[in-house]
Amino acid sequence: QVQLVESGGGLVQPGGSLRLSCAASGFTFSTYWMYWVRQAPGKGLEWVSSINTGGSHPTYTYYTDSVKGRFTISRDSAKNTLYLQMNSLKSEDTAVYYCAKDYDAEKITAWGDWGQGTQVTVSS
């Protein structure tokens, strides 16, 4: 059974930082592209960031324009964990953040399984 468990969310002031974690199990973590997706109040799902599969090849990361330079996605294969370091947070970043794996191993196909999410609230 695929499981993705997000943690690290909370209330933070504008300009602050948070580090989200996603503990993965039930699949071969290193063989899947991983994603962070968020849903702001009253909005639909928005892709935030992607990271390619683990291994000896180069690491590739991608970000939506609104978070470039502020967020960093990374993965630790030894711990089966995905991370999202969020700096210089803005009120516009307030959302439930989900981690997701790709539908197909070693391919970019579509979002597959996802976790239950963790709430990030940026407010003074």
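Look up: the structure comes first, before these words.
These notes cover the structure that comes with them. In this text the structure is predicted, and so the values were computed from the model without any measurement.

Remarks on the sheet that holds strand E1 (residues 3-7)
If you walk across this open sheet you meet the four strands as E1-E3-E8-E7, and the pairing is antiparallel. Edge positions in the open sheet fall to E1 and strand E7 (71-76), since each of these has one partner strand only. Strand-to-strand twist in this sheet, taken as the mean axis angle between neighbours without regard to direction, amounts to 15 degrees. Judged from the six bridges that link them, strand E3 (residues 18-25) and strand E8 (residues 81-86) form a sheet pairing that is antiparallel. Bridge pairing in E8 places Ser21 opposite Tyr83.

Here's the deal with the pairing of E3
Strand direction decides the pairing type here: E1 and E3, joined by five bridges, are antiparallel. Following the sheet pairing, Gln3 is matched in E3 by Ser25.

Some thoughts on unusual backbone geometry
Notably, Ser88 is not glycine yet its phi reads approximately 50 degrees, a positive angle. Along the chain, the position of Ser88 falls in the loop between E8 and strand E9 (95-102). Using a relative accessible area of 41% as the deciding quantity, one classes Ser88 as partly exposed. The backbone phi angle of Glu106 is positive, close to 60 degrees, even though this residue is not glycine. Mapped onto the elements, Glu106 comes out in the loop between E9 and strand E10 (111-114). Since its relative accessible area comes to 63%, Glu106 is described here as exposed.

Cut-offs applied
- Residues numbered from 1 in each chain as written.
- Predicted model: local features only at pLDDT ≥ 70, side-chain atom pairs only at ≥ 80, totals over all residues.
- Heavy atoms only, no water.
- Pairing = 2+ DSSP bridges.
- Helix = DSSP H or I, 4+ residues; strand = E, 2+ residues; numbered from the N terminus.
- Axes fitted to C-alpha atoms, helices over the stretch in contact; angles between N-to-C directions.
- Buried < 20%, exposed > 50% of the residue type's maximum accessible area, 1.4 Å probe, protein only.

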